[in-house]
Amino acid sequence: MSADNSSTICVCRSVRQELGIAIGFLVPPVLVPNIEDRDELAYHISIMFYIIGGVATLLLILVIIVFKEKPKYPPSRAQSLSYALTSPDASYLASIARLFKNLNFVLLVITYGLNAGAFYALSTLLNRMVIWHYPGEEVNAGRIGLTIVIAGMLGAVISGIWLDRSKTYKETTLVVYIMTLVGMVVYTFTLNLGHLWVVFITAGTMGFFMTGYLPLGFEFAVELTYPESEGISSGLLNISAQVFGIIFTISQGQIIDNYGTKPGNIFLCVFLTLGAALTAFIKADLRRQKANKETLENKLQEEEESNTSKVPTAVSEDHL
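Numbers given to residues run from 1 along each chain, matching the order in which its sequence is written. This being a predicted model, a pLDDT of at least 70 is required before a residue's local features are given, and a value of 80 or more before pairs of side-chain atoms are given or counted; all residues contribute to the totals for chains, interfaces and linings. Side-chain figures throughout are based on the complete set of non-hydrogen atoms in the structure, without hydrogens or water.

Draft legend 1. Just the overall build of the protein, in detail. In terms of helices and strands, the protein carries 12 helices and 0 strands. In this scheme, a residue with accessible area under 20% of its type's maximum is buried, one over 50% is exposed, and one in between is partly exposed, where area comes from a 1.4 Å probe on protein chains only. Within the span of the protein, comprising 320 residues, buried residues form 42% of the whole. The long-range share in the protein, meaning contacts at least 24 apart out of those at least 6 apart in sequence, stands at 82%. We get accessible surface area from the Shrake-Rupley algorithm with a probe of 1.4 Å; when it comes to residues, only the shown protein chains can shield them. Just so you have it, the protein exposes about 17900 Å², and 66% of that area is on carbon and sulfur atoms. The way it works is that DSSP assigns letters per residue, a run of H or I at least four long becomes a helix, a run of E at least two long becomes a strand, and they are numbered from the N terminus. Throughout, a residue-residue contact means that at least one pair of heavy atoms, one from each residue, lies within 4.5 Å.

Draft legend 2. The packing of aromatic side chains, seen in detail. Working definition: a ring pair exists when centres of Phe, Tyr or Trp rings (six-membered ring for Trp) sit within 6.5 Å. Plane angles under 30 degrees give stacked, over 60 give edge-to-face, the rest tilted. One pass over the full model with this rule turns up 10 aromatic pairs. Here the aromatic rings of F244 and F248 are separated by 5.8 Å at their centres, their planes lie at 45°, and the arrangement is tilted. Here the residue F244 and the residue F248 both occupy positions in helix 10 (residues 230–259), the gap between them amounting to 4 residues, near one helical turn. In textbook terms, an aromatic cluster arises when at least three aromatic residues are bridged by ring pairs, as seen for Y112, Y177, Y213 and F218.

Draft legend 3. Representation of the nonpolar core within the structure. Counting 59 residues, the largest nonpolar core has L108, Y112, I144, M184, Y187 and M210 as its most contacted members. Every element with two or more residues in this core is listed here: helix 4 (92–100), helix 5 (103–133), helix 6 (138–166), helix 7 (169–190), helix 8 (196–210), helix 9 (213–225), helix 10 and helix 11 (261–279). The element that contributes the greatest number of residues to this core is helix 5, accounting for 16 residues. Beyond its immediate chain neighbours, meaning those up to four positions away, M184 contacts L122, M206, M210, N265, L268, C269 and L272. Among buried residues, those of type Ala, Val, Leu, Ile, Met, Phe, Trp, Tyr and Cys that are joined through side-chain atoms within 4.5 Å constitute a nonpolar core.

Draft legend 4. How the structure looks around the packing of helix 7 against helix 11. To obtain an axis, a line is fitted to C-alpha atoms, over the contacting stretch when the element is a helix, and the angle between two such axes runs from 0 to 180 degrees between their N-to-C directions. Where helix 7 contacts helix 11, the axes come no closer than 9 Å and their chain directions differ by 165°. With respect to each other, helix 7 and helix 11 are oriented roughly antiparallel. Crossing angle aside, the handedness with which helix 7 passes helix 11 is left-handed. The segment helix 7 lies against helix 11, with K170, T173, L174, Y177, I178, T180, L181, M184, V185, Y187, T188 and F189 engaging K262, N265, I266, L268, C269, L272, T273, G275, A276 and T279. Split by residue class, the contact of helix 7 with helix 11 holds 13 nonpolar, 7 polar and 2 charged. These descriptions rest on fixed angle ranges, namely under 35 degrees for roughly parallel, over 145 for roughly antiparallel, 65 to 115 for roughly perpendicular, and the rest for oblique. Note on convention: near helix rotated counterclockwise from far helix by under a right angle means a left-handed crossing. Clockwise means right-handed. Residue polarity is assigned by list, with Asp, Glu, Lys and Arg as charged and Ala, Val, Leu, Ile, Met, Phe, Trp, Tyr, Cys and Pro as nonpolar; anything else, Gly included, falls into the polar class.

Draft legend 5. Up close: the UniProt feature "transmembrane region" (unreviewed entry) in the protein. Per the UniProt record, the feature "transmembrane region" (unreviewed entry) sits at residues 41–67, 103–122, 142–162, 174–190, 196–214, 235–253 and 265–284. For residues 235–253, the end-to-end C-alpha separation is 27 Å, with 100% helix and 0% strand making up the annotated structure. UniProt positions are given in the numbering used here, feature names are shortened, and annotations may be inferred rather than shown by experiment.

Draft legend 6. Highlighting unusual backbone geometry. One non-glycine residue, K167, adopts positive backbone phi at about 60°. Position of K167 relative to the elements: it lies in the loop between helix 6 and helix 7.

Draft legend 7. Region of the structure containing the confidence of the model for the protein. Here pLDDT means the predictor's own confidence in every residue, given as a number from 0 to 100. Averaged over every residue, the pLDDT of the protein is 80; residues scoring 70 or more account for 76%. Of all secondary-structure elements in the protein, the lowest mean pLDDT belongs to helix 3 (residues 77–85), at 55, while helix 11 reaches the highest, 94. Note that pLDDT drops below 50 for residues 313–320; the model gives that stretch 1 contact with residues more than four away or on any other chain.

Draft legend 8. Spatial organisation of the packing of helix 5 against helix 7. Interhelical geometry of helix 5 versus helix 7 gives an angle of 25° and a closest axis separation of 12 Å. Taken as axis vectors, helix 5 and helix 7 run roughly parallel relative to one another. Taken as a pair, helix 5 and helix 7 cross one another with a handedness that is left-handed. On helix 7, the residues that touch T111, L114, N115, L122, L126 and M129 of helix 5 are Y177, T180, M184 and Y187. Classifying every residue of the contact of helix 5 with helix 7 by side-chain character gives 7 nonpolar, 3 polar and no charged.

This is how it looks when you write it as structure tokens:
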């Protein structure tokens, strides 16, 4: 597999994750209806939890039986070189320390956390916000969430294809971040118009960029931190997203309860603006691309030298 397919691999992984989120938006409102009887409500919730537990158990079994530590063949030249450079005695804590000395990566951890945290908060509180303005529309609230994620899956695929062709990691990340902010602002000021179809359109547009940004963050992190383990850099991004997600969800929930949905969404817009500004300061130090280029150049040089050494030497009659 060529190095040009690395972005596609990351996008496919993100799309699978977002597909699970989409199912999470669609299924719970159907399994747990909005009813007053607490006993019946508890019964429906328990059924949903049993289904989730069964699926999680099945996935655990598949992970234990099927999954391997790493592929038989490296997916790219840079990954092959990374395997060669990795010491068996490499320290996990030392790797984390090196990553936090990388200013560009630290900025990306913060900006990724702000964006993903805003998405987590929005997803968690979406049902409450929709019902606030459109009472009795629990099922449509789930469908709006599904629209956000499906649009994000499309955005992730398109951005992955663009990265493979252009290799403009910082520029693409910055543009998508700014468009996420624009989409969030439009969603904020159209949520209370009283037209549910407008919410579907604005939420889908916002999701196209907000959810589509997530694989871009992972791919950019790999470029900035090569040859460090992708698992460590991705894990730090996930930790940042979870921390900001918890903070934003609690804070926005309190703002919505006390002041309404618009101030709560403006709260997220402020932090997305901060994230877009910080993204502009990240330098595009594409270490993996440099390693791919150097490896390819060395390979071509070796092949050229090998071909040169195999050319027979012609001896003319004059020399004889």
